[in-house]
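Take a look at the letters that make up each chain.
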Amino acid sequence: MILAALCLLAAALVSSWQNRPATSRQWPGSAAGRFTAGLILVGYGITSLLTAWRTSDGVQHTALLMQQLSLYAALPMLVSSHLAERLGYNWNRQIWGRIFLGWCVVFELTRRSNVLEWVLIATLIIGLVTLLLPWILSALRQTDLTDGGKRSWQRAYFPVIAWLLLCSGQATQSTTDPVVQMAGLTLALIALHNAQPLSYQMAKRGSDNKATPS
């Protein structure tokens, strides 16, 4: 339990640092969205560590809330940011703020309806499609979008393999086990961390194509 919480906390801190506010005025909206999601995951890691030392009702309730927000709001937010970038959209922070609020509304509505697991299933499927988008779009446009150089393994292939392992783990293990959930979130953060350079590249390419007159 403690080891899983420490791994999640470390991965969330790296994700938050990677997407922290820039020193200049340039802070992409997608990075701001990932920064917000990262902070939620940091909170989940911290509260999970607290439950290992204190078992009060307040700590347990806070840990459960952070767990659900991480799985059903933060993770979908991370996937959404990569999906938008890989489709060539560079939305501003205001739009991503609305998207995050929308995911929070979805979380609350599905929580009340006892169908939260469907949010996670949809997130895993959309995440896999998102990571496969370079190959899908390459086939449709007959051009290589996978950054096919020395870093292709790290940026394109490894995230897909890690995500497939995540999907396999969620399908075969108990999704109510906090250790399994923290391990899954850690794996998702690692996959998306390595996929981020390619997402940025595809977003930039999409912006350049829109800016080029036809």
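To be clear, the structure that these remarks concern was listed above.
All values reported here derive from a predicted model rather than from experimental measurement.

> Would you take a moment to explain the overall build of the protein chain for this structure?
Of regular secondary structure, the protein chain possesses 7 helices and 0 strands. Across the protein chain, helices and strands are ordered from the amino to the carboxyl terminus as α-α-α-α-α-α-α. Per-residue burial for the protein chain yields a buried fraction of 45% across its 214 residues. Of the contacts formed within the protein chain by residues at least 6 apart in sequence, a portion of 75% connects residues at least 24 apart. Carbon and sulfur atoms make up 64% of the accessible area of the protein chain, which totals about 11,300 Å².

> When you look at helix 4 (residues 93-112) in this model, what are you seeing that I'm missing?
One full turn of an α-helix is made of 3.6 residues, so residues set three or four places apart face in the same direction. Between its terminal C-alpha atoms helix 4 stretches 29 Å, which fits the 28 Å expected from 20 residues at 1.5 Å a residue. With a side-chain oxygen positioned 3.2 Å from the backbone nitrogen of Q94, the residue opening helix 4 is N92.

> Help me understand the environment of L131 in this model?
In this structure, L131 sits in helix 5 (residues 116-141). A C-alpha to C-alpha distance of 7.6 Å links L131 and A195, two positions 64 residues apart in sequence. Setting aside anything within four residues of it in sequence, one finds L131 in contact with R86, P159, V160, W163, L192 and A195.

> Looking at this structure, I do not really get the nonpolar core. What am I missing?
The tendency in soluble globular proteins is for nonpolar side chains to be buried side by side. Ranked by internal contacts, the top residues of the largest apolar core, which has 42 residues, are L8, L41, Y72, W163, L185 and L189. Those elements that provide at least two residues to this core are helix 1 (2-18), helix 2 (29-53), helix 3 (57-86), helix 4, helix 5, helix 6 (152-172) and helix 7 (178-211). Excluding anything up to four places from it in sequence, W163 contacts L75, V79, T123, L124, G127, L128, L131, A188, A191 and L192. Counting residues in each nonpolar core, the second largest holds 5 residues, with L133, A156, L198 and M202 among its members.

> Help me understand the environment of L187 in this model?
Considering the arrangement of structural elements, one finds L187 in helix 7. The sequence separation of L187 and A11 amounts to 176 residues, and the corresponding C-alpha distance is 8.7 Å. Leave out the neighbours within four places in its chain, and L187 touches A162, L165 and L166.

The rules behind the values
Residues numbered from 1 in each chain as written. Predicted model: local features only at pLDDT ≥ 70, side-chain atom pairs only at ≥ 80, totals over all residues. Heavy atoms only, no water. Helix = DSSP H or I, 4+ residues; strand = E, 2+ residues; numbered from the N terminus. Buried < 20%, exposed > 50% of the residue type's maximum accessible area, 1.4 Å probe, protein only. Contact = heavy atoms within 4.5 Å. Areas by Shrake-Rupley, 256 points an atom, 1.4 Å probe, with all protein chains shown as cover. Expected span 1.5 Å × (residues − 1). Polar contact = N/O pair within 3.5 Å; in protein donor to acceptor, adjacent residues only side chain to side chain. Core = buried A, V, L, I, M, F, W, Y, C linked by side-chain atoms within 4.5 Å.

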